[in-house]
Amino acid sequence: MQLLISLCCGVLFGLGLMVSQMANPEKVLNFLDIGGRWDPSLLLVMASALLVYIPGYFLLVKRRTKPVAAESFYLPQKRQIDKPLLLGAVIFGSGWGLAGICPGPAVVNLSGGDVKIFAFIVLMLAGMRCSGFISRLKS
Amino acid sequence: MTEFTPYSAILGGAFLGLAALLLLVLNGRVAGISGIIRGIFTAGDGAGSWRWFFLLGLVLAPLLAPSPVELPENIRVSWWLILPAGFLVGLGSALGAGCTSGHGICGIGRLSGRSLTATLTFMATAMLVVYLIRLLMA
């Protein structure tokens, strides 16, 4: 059951990325280009997503002790705003700004068959791997 | 140059919010795509398969989409930007524990200060990078 739910949520999420055009790097880059010909569409995407998510979270999730089809809620417990968070956000933001592609749109675009997307994902996995090395060096 | 598309933005955004909400209410999971991908390699026994199914759903979406809804025909971003971009997106989302979906929707959606801070930080950085690139290319 959980797997079917995950599959359906994935499809719905993917459709959301396509309908909203988050899956189109040019749309994203023009949203980020506030100094130029700014396209504010993606601000509405986020606002609209939050308008659904926030009330849903407080009305449905907060009132339950466990999810409908699983044993418990797996939510991040960290509250502290620390260095890895800020450094990670700056690094992520630089990458997002270079190409206008973040992980969700990258995966959705896989079925378009463009080699650039495959390359992006391979490098993204490599980057994720390297974060492990950085964390281990620190500790 | 892209047009301002308020209606499709609002509709698509609602889909994203609903998908993320359903995944949490039903399965108890956060719809942060970078976290889902990373979890495939790091999560313990049995906790990985829902991740594959979610990602499969993402890949299937373009095949199931009704006709006016399409993927961009080709990715125009040049190779020398795409490769470092992929690496930085992977590294940054892993270090910062989230990406646009995880922090931007699910985290802010729970009114998390961490996620709000991360989102404002990566948006500001991305805007600066776009500004610099367009300045250099002009």
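Residues numbered from 1 in each chain as written. Chains lettered and ligands numbered in written order. Predicted model: local features only at pLDDT ≥ 70, side-chain atom pairs only at ≥ 80, totals over all residues. Heavy atoms only, no water.

- Chain B is annotated in an unreviewed UniProt entry as YeeE/YedE family protein from Thalassomonas haliotis.
- UniProt lists a comment for chain B under the heading Sequence similarities (unreviewed entry), and it reads "Belongs to the TsuA/YedE (TC 9.B.102) family."
- Regarding chain B, the UniProt comment filed under Subcellular location (unreviewed entry) reads as follows: "Cell inner membrane". (UniProt positions renumbered as here; feature names shortened; annotations may be inferred.)

- You'll find chain A entered in an unreviewed UniProt entry as YeeE/YedE family protein, with Thalassomonas haliotis given as the organism.

## Let's talk about the interface of chain A and chain B
Now for step 1: Taken together, the contact pairs 104 residues of chain A with 102 residues of chain B.
Now for step 2: Approximately 9600 Å² of surface area, both sides summed, lies buried where chain A meets chain B, with 78% of it carried by carbon and sulfur atoms.
Now for step 3: The largest share of the area that chain A buries against chain B comes from F13(A), Y53(A) and K116(A), three residues that together contribute 9% of it.
Now for step 4: Between D33(A) and R134(B) there is a salt bridge, with the nearest N and O atoms lying 2.7 Å from each other.
Now for step 5: Across the chain A-chain B interface, the total number found is 21 residue pairs in polar contact (both at pLDDT 80 or more).
Now for step 6: Contributing elements (two or more residues each) for the side of chain A that touches chain B: α1 (2–19), α2 (25–32), α3 (41–61), α4 (83–99), α5 (103–108) and α6 (115–138) of chain A. (Contact = heavy atoms within 4.5 Å. Buried area = accessible area lost by both parts, 1.4 Å probe. Salt bridge = Lys/Arg side-chain N within 4 Å of Asp/Glu carboxyl O. Polar contact = N/O pair within 3.5 Å; in protein donor to acceptor, adjacent residues only side chain to side chain. Helix = DSSP H or I, 4+ residues; strand = E, 2+ residues; numbered from the N terminus.)

## Side note on unusual backbone geometry
Now for step 1: Phi at Q21(A) takes a positive value of approximately 70 degrees, unusual for a residue other than glycine.
Now for step 2: The residue Q21(A) is located in the loop between α1 and α2 in this model.
Now for step 3: Judged by its relative accessible area of 24%, Q21(A) falls in the partly exposed class.
Now for step 4: Its identity is not glycine, yet A97(B) carries a phi of approximately 55 degrees, on the positive side.
Now for step 5: Residue A97(B) is classed as partly exposed on the basis of its relative accessible area, which comes to 40%. (Buried < 20%, exposed > 50% of the residue type's maximum accessible area, 1.4 Å probe, protein only.)

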